[in-house]
Every structure is written in C-alpha cells, then in structure tokens.
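Listed below are the residues making up each chain.
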Amino acid sequence: MNKIILAIETSCDETSVAIIKGNELLANVVYSQIAEHQVNGGVMPELASRLHVEKITIVLEEALKAAKVNLPEIDAFAFTAGPGLIGCLHIGTLCAKTLALQYGKPLIPVNHIAGHIYANQIDDEIIFPALALVVSGGHTEIVYMRNHLDFNVIGMTLDDAVGEAYDKVARILNLPYPGGPVVDKLARQGNNIYNFPIPKVSGDYNFSFSGVKTAVLNLVNKLKMKLEPFSIDDICASFQATAVDILTNKIAKALEKYEVKQLLLAGGVAANSLLREKMKEISHNYKVEILIPPLKYCTDNAAMIASASRFLYDRKSFCKFDYKINPQLSL
Ligand code: KG4
Ligand code: ZN
C-alpha cells in the first residue's frame, strides 16, 4: 500500500518529522537540541520540552516542503508514544492528534524502541526470524523477532544503559555531552591498556554497565591522587573495548541458541565504530546477515518512527484521541 504517513518524534532531545510513501522515505527533518543541552552537561527535561514547542511547527513545515506533500494528502499521522521524557512526548503527541483531528485521519502510536529497530527497514528489508541488539541512551536489550512487530525481549540491562554509561564516563573525563561520539573518537586514538571487569549477571542475555563505569571512576581518582599522568584516549579505548565486549559476548551467546536469518543493530550507540565493526565480525562468524542503519538513522529521528508505522497501519493499530502516552512504555 502506498499510503502517505507523517511521523513525529519528540521523545528526548531531537525534534523530528518524517514523511513516508509506501516504503519510500520522502523527508526526514531532524532538529537536534544537543547544542542547547551541552551547557548543562546533559538533557534538561523542562528545557527540552520548551525547545520542542519552539521547533515543532518549523520542522513540520520543512518536512512537508522537502517531501512536496500537502497536509490533506497525508493518510495517517504517527507519533512516538513512549518510552521517553513525559513533557517531550506530549509535544509530538499533541501535534499528531491536532493534525489527525483536523484532517480526519487515523493516529498511530509508535514505540520508540520499535522505531530504532525499524531504522533497519528504511533502506533495507528485515527478514525473520531476526535478533536485534538495541543500544541507546535509555535502553540496552536483545530482542528476538519471529515476524513484523513481534518483539520478545530476551535480555536487558540490569542497571545503566550502555549509552548512559558512555555519557557518564565522558562526564568523569570532563568530556562534552553527549559522551558517546566523543569517547568513541578518542578511543580510536588510544590503546586498550586498562583491564576493566566484565560483570557476571543473572540471566543468560542480560547486561550490566554500572560496574565498568565505577571502575573508570575509581581508576581516574587513583591516577589523579597519585599524580600519575594518564591518557584520556587510553581510558576511552579501554572502556570502549569492555563495553563492546559486554554487548558482543551476549549477542554471540544468543546466536548459539536462536537460529536467525538476520542480526539487527539499533539505537544511538549503533553509531559506535567499534560496535559496528565487532557486530559485522560476529555476523560473519555465525553466517548470519547483518543490518546496521546508516549513521543518520541511528540516533533519534522520525524516519524510523515512520518506518515502523507502515506496519502498524497495515494492522490498523490506530488509537483514539484520548490516547495516553507512557514514558515507561515497553516493547
Ligand atoms: O537512541 P538515542 O539517540 O537516544 C535514546 O533513545 O536514548 O541514543 C543516544 C545515546 C547517547 O547516550 C549517546 O552518547 C549514544 O547514544 N551515542 C554513542 C555514539 N553516538 C551516540 N555511543 C557510543 N558511540 C557513539 N558513536
Ligand atoms: Zn532513541
């Protein structure tokens, strides 16, 4: 079906609107608030909501212009319904509800994590069964999928998400927010010379990242106290090697049990250079095809929400106008 769907993403610090026609992405406009949040060293929810209010109509107009589509031509309006920051989610939801009401079209609530997984469906085709590694600022999960929209979470973090650990390590090292891209860049210049522990966690496919973050903090404190010179690049390289090991060990273990046709990488941390490399190695070793979204679809964007919404539209997974967003929405 060549339906035209307009999707809105405002769950955290990106205001984004995308328009999709069938499987063809017509526009994906993203306004990132990173610069505004950098002065505070992280996302301030109240400021994020206000910036979404300021930017949403501008981003909407830009997307319509880029797609060469008029609002009455849109067949459905999709929005991120959670998980995310409550005030931020409200802005995109309100915008989608207003448009759907005005033009008498269906409303499609989309799970943000499902969106990250469906970033793999923008330029490629997901083939089932598939195993997805979701790695973002708020989530770290392994998801087994037998079919479209059939999500079985088989493993998750028991404490920090991997992106959160990256951001916290960056803070320990006085690096700017968001920490992931900076730590990744410095890690490429450094050497993996510090041994951080790989945690033992309950459950076959669960993760833990707070131990490695604390190990980085303890190491930095110790080196500073001893007045020993140290290279931030080496600490980044050692942390990155451990974080990626934690992730890939569990994915390899899951591939031993779950016979899948595809491995999918999803979420902001999917932009990580070492993780992309190691996941390709694993897919090669296990002879499983791998999909990794292009960098622009790894961090938050509405194209991934539009991509998931196509399949929800086919199932008529529509909601009413009194639909309530859920900041803790799970898959
Ligand atoms: O998916 P996302 O844009 O937002 C959430 O839904 O959380 O992910 C943001 C997270 C941040 O923690 C950021 O530091 C991390 O993704 N990130 C990275 C990289 N690029 C972004 N982490 C590691 N390496 C990167 N290259
Ligand atoms: Zn996200």
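Let me begin by describing the structure that accompanies this report. Since this is a predicted model, take the numbers as computed values, not measurements.

Thresholds applied
Residues numbered from 1 in each chain as written. Chains lettered and ligands numbered in written order. Predicted model: local features only at pLDDT ≥ 70, side-chain atom pairs only at ≥ 80, totals over all residues. Heavy atoms only, no water. Helix = DSSP H or I, 4+ residues; strand = E, 2+ residues; numbered from the N terminus. Buried < 20%, exposed > 50% of the residue type's maximum accessible area, 1.4 Å probe, protein only. Lys, Arg positive; Asp, Glu negative; His and termini not counted. Salt bridge = Lys/Arg side-chain N within 4 Å of Asp/Glu carboxyl O. Polar contact = N/O pair within 3.5 Å; in protein donor to acceptor, adjacent residues only side chain to side chain. Contact = heavy atoms within 4.5 Å. Pairing = 2+ DSSP bridges. Axes fitted to C-alpha atoms, helices over the stretch in contact; angles between N-to-C directions. Parallel < 35°, antiparallel > 145°, perpendicular 65-115°, else oblique.

Here we take up the side chain of D233. For D233, the position within the fold is in helix α8 (residues 232-257). There is no salt bridge for the buried D233, and the closest opposite charge comes from K185, which lies 8.8 Å off by N-O distance. Polar side-chain contacts of D233 include one of 3.0 Å to the side chain of Q189. Setting aside chain neighbours within four positions, we find D233 in contact with L186, A187, Q189, G190 and N191.

For the rest of this paragraph, the subject is the side chain of H52. Positionally, H52 belongs in helix α2 (residues 45-67). Classification of H52 by relative accessible area gives buried; the value is 0%. Not counting residues up to four positions away in its chain, the partners in contact with H52 are T10, C12, D13, E14, T15, Q33, C88 and I91.

The strand order β3-β2-β1-β4-β5 describes an open sheet built from five strands, whose pairing is mixed. Looking at the sheet topology across the chains shown, the edges are occupied by β3 (24-32) and β5 (107-111). Sheet twist, expressed as the average angle between the axes of neighbouring strands with direction ignored, equals 20 degrees. Bridge count between strand β4 (residues 76-82) and β5: five bridges; the pairing is parallel. By the bridge assignment, T80 is partnered in β5 with V110. Here α2 sits on the sheet in contact with β1 (4-9), β2 (14-21) and β3, set at roughly 25 degrees to β2. Those strands touched by helix α10 (residues 302-314) are β1, β2, β3, β4 and β5, and its axis lies near 130 degrees from that of β1.

Turning to the packing of helix α5 (residues 162-172) against helix α6 (residues 179-189), a few remarks are in order. For the pair α5 and α6, interaxial distance at closest approach is 8 Å and the crossing angle is 70 degrees. In this view, α5 runs roughly perpendicular relative to α6, as classed from their interaxial angle. Facing α5, whose interface residues are Y166, D167 and A170, α6 presents G179, G180 and V183.

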